[in-house]
Amino acid sequence: MNIYQSLLATSKTKGAAYLVLVDPDKIALEKLPTFIQQATTAGADAFLVGGSLITDDSFERCVVSIKQSSNIPVVIFPGGVTQISAKADAILFLSLLSGRNPEHLIGDQVLAAPIVKKIGLEAISTAYMLVESGKTTSAEFMSNTRPLPRHKPDIALAHALAAEILGFKMIYLEAGSGADQSVPEEMIGGIAKYCTVPLIVGGGIKTPEEARKKVIAGASFIVTGTVFEKNGDAGLMKDFAAAIHTK
Ligand code: 1GP
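Everything numeric here is computed off the predicted structure, so don't read it as measured data.

**A closer look at the overall build of the chain**
Point 1. Looking only at helices and strands, the chain has nine helices and eight strands in total.
Point 2. A globule of 247 residues ought to have a C-alpha radius of gyration of about 18 Å, and the chain, at 16 Å, matches this closely.
Point 3. Projected onto its principal axes, the C-alpha positions of the chain cover 45 × 40 × 35 Å.
Point 4. Across the 247 residues that make up the chain, the buried fraction comes to 53%.
Point 5. Put simply, of all contacts in the chain between residues at least 6 apart along the chain, 72% involve residues at least 24 apart.
Point 6. As displayed, the chain offers around 11,200 Å² of accessible surface, 56% of which is attributable to carbon and sulfur atoms.
Point 7. Here the chain carries 23 positive and 24 negative side-chain charges, and the mean point of each set is 4 Å from the other.

**Comments concerning the site of the ligand**
Point 1. Around the ligand sit 14 residues, and of these Glu174, Ser177, Gly178, Gly204 and Thr226 come closest.
Point 2. At 2.9 Å from an oxygen atom of the ligand is found a side-chain nitrogen or oxygen belonging to Tyr172.
Point 3. Gly225 has a polar backbone atom sitting 2.8 Å from an oxygen atom of the ligand.
Point 4. Relative to its free-state accessible area of 300 Å², the ligand is covered by the protein chains to the extent of 96%.
Point 5. Counting residues per element, the ones that place at least two in the shell around the ligand are strand 6 (170-174) and strand 8 (221-224).
Point 6. For the shell around the ligand, a count of residues per class yields four nonpolar, nine polar and one charged.

**Comments concerning the packing of helix 7 (residues 185-194) against helix 8 (residues 208-217)**
Geometrically, a packed helix pair is captured by the angle between its two axes and the distance between the axes.
Point 1. Closest axis-to-axis distance for the helix 7/helix 8 pair is 8 Å, and the angle between their directions is 25 degrees. With respect to each other, helix 7 and helix 8 are oriented roughly parallel. The hand of the helix 7/helix 8 crossing is right-handed. The residues of helix 8 that touch helix 7, namely those facing Glu185, Ile188, Gly189 and Ala192, are Lys213, Lys214 and Ala217.

**Details of the nonpolar core**
Point 1. Formed by 60 residues in total, the largest nonpolar core has its most connected members in Tyr18, Val22, Ile66, Met129, Ile171, Leu173 and Ile191.
Point 2. In terms of residue count, the dominant contributor to this core is helix 2 (residues 32-42) (five residues).
Point 3. Setting aside residues no more than four positions away along its own chain, Leu173 makes contact with Met129, Val131, Val183, Ile188, Ile191, Leu199, Ile200, Val201 and Gly202.
Point 4. Membership of the second largest hydrophobic core comes to 23 residues, among which are Ala17, Ala90, Leu130 and Tyr172.

**Quick word on the packing of aromatic side chains**
Point 1. Taken as a whole, this structure holds five aromatic pairs when the rule is applied.
Point 2. Plain terms: the ring middles of Tyr128 and Tyr172 are 5.3 Å apart, the flat faces sit at 85 degrees to each other, and that makes the pair edge-to-face. Of the two residues, Tyr128 sits in strand 5 (residues 122-130) while Tyr172 sits in strand 6, which places them 44 residues apart along the sequence. Considered together, Tyr128 and Tyr172 belong to a single accessibility category, that of buried residues.
Point 3. Measuring from centroid to centroid gives 5.7 Å for Phe228 and Phe240, while their planes differ by 75 degrees, and the two rings are edge-to-face. One end of the pair, Phe228, is in the loop between strand 8 and helix 9 (234-244); the other, Phe240, is in helix 9, with 12 residues separating them in the sequence. For the pair Phe228 and Phe240, a shared accessibility class is recorded, and that class is buried.
Point 4. A cation over a ring is seen here: Lys169 above Tyr4, with NZ or CZ 5.3 Å from the ring centre.

**Brief notes about the pairing of strand 5**
Point 1. Buried residues dominate strand 5, accounting for seven of its nine residues.
Point 2. Each parallel crossover has a hand, and for strand 4 (residues 90-96) linked through helix 4 (residues 102-119) to strand 5 it is right-handed.
Point 3. For strand 5 and strand 6, the ladder comprises five bridges, and the chain directions are parallel. Residue pairing across strands places Ala127 opposite Ile171, the latter belonging to strand 6.

Calculation notes
Throughout this document, residue positions are counted from 1 along each chain, in the order its sequence is written. Owing to the predicted nature of the model, reporting of local features is limited to residues with pLDDT of at least 70; listing and counting of side-chain atom pairs is limited to 80 or more, with chain, interface and lining totals taken over all residues. Where side-chain values are given, they derive from all heavy atoms of the structure, hydrogens and water being excluded. By the criteria applied, helices consist of DSSP H or I runs no shorter than four residues and strands consist of E runs no shorter than two, each listed in order from the N terminus. The globule rule used here is 2.2 Å times the number of residues to the 0.38 power, and the radius of gyration it is set against is calculated over C-alpha atoms. Exposed residues in this analysis have more than 50% of their type's maximum accessible area, buried residues have under 20%, and partly exposed residues fall in between, with area computed by a 1.4 Å probe over protein chains only. Residue contacts are counted whenever heavy atoms from the two residues lie within 4.5 Å of one another. Shrake-Rupley sampling with a 1.4 Å probe provides the accessible areas, and residues are treated as covered by the protein chains on show and by no other component. Charged residues are defined here as Lys and Arg on the positive side and Asp and Glu on the negative side; His and the ends of the chain fall outside this count. Taken as the charge location is NZ of Lys, CZ of Arg, CG of Asp or CD of Glu. Residues are labelled near a given molecule or strand when at least one of their non-hydrogen atoms is within 4 Å of it. Here a polar contact is recorded for every N or O atom pair within 3.5 Å, except that within protein the pair must consist of a potential hydrogen donor and a potential acceptor, and residues adjacent in sequence are included only if both atoms are side-chain atoms. For this scheme, ten residues count as nonpolar: Ala, Val, Leu, Ile, Met, Phe, Trp, Tyr, Cys and Pro. Four count as charged, namely Asp, Glu, Lys and Arg, and the remainder, Gly too, count as polar. Throughout, an axis means a line fitted to C-alpha atoms (over the contacting stretch in the case of helices), and angles, computed between N-to-C directions, take values from 0 to 180 degrees. Orientation is classified from the angle alone, with under 35 degrees giving roughly parallel, over 145 giving roughly antiparallel, 65 to 115 giving roughly perpendicular, and any other angle giving oblique. Left-handed is the label given to a crossing in which the near helix is rotated counterclockwise from the far helix by less than a right angle, and right-handed is the label when the rotation is clockwise. Side-chain atoms within 4.5 Å are what join buried Ala, Val, Leu, Ile, Met, Phe, Trp, Tyr and Cys residues into a set we call a nonpolar core. Note on aromatic pairs: the rings of Phe, Tyr and Trp (six-membered ring only in Trp) are paired at centre separations within 6.5 Å, and the planes decide the class, stacked below 30 degrees, edge-to-face beyond 60, tilted for the rest. Two limits define a charge over a ring: the Lys NZ or Arg CZ must be within 6 Å of the ring centre, and within 35 degrees of the ring normal. Assignment of crossover handedness uses the view with strands pointing away from the viewer, where a clockwise path from the first strand over the helix to the second indicates a right-handed crossover. When DSSP locates at least two bridges between a pair of strands, those strands are taken to pair.

This is how it looks when you write it as structure tokens:
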């Protein structure tokens, strides 16, 4: 079983899977092992590693440190073409499908594909869709794209169906890290009803209750990042895992 299949199997068995985001720019390397062990014990199903603004060479060291501290999968969630490492288990091979910036639709992928192929890293093709969330997020600003309007689920659904027909394996509905407002349940539900591609939902999810609502609406994977950046609260992490694992 590859990582994609095992993530889907976990999501199916547990009702949904919990992905904990590690942004190498936001957590000190020496604090990482404790955080990773806490998240693993709390019930995280995989780690995502990446960020919009990694300002030093900490990326690969961060991947290695997570691998050393946990047995659950480490999946790269790249903020750019430099964020590729053979030390990870897989990479979300993203295309920013909500935008109209050719560099993020296909340009970066052309640069990254030969490297991913050469190092034999499992690539999970993922349609990345930014959703309007109240204020300008780093992802929106850095990608120079406009997000999908949050109260137009039909526009989001049309993008999701395009992703399905184009053969993407996952859709990531992203409000942006630290977003004021997370992706609306109405949008998640509208897509889940008509589109067969598994949905990852992240950005601005602040409470376990909020996470559970996204799962009930149709998310297969929930991502949290910011909520644990200040301190890895083990109790709260357990509550998140329990809320997301509806089965
Ligand atoms: C960001 O979806 C992730 O890319 C997680 O967002 O940091 O707001 O939890 P938060």
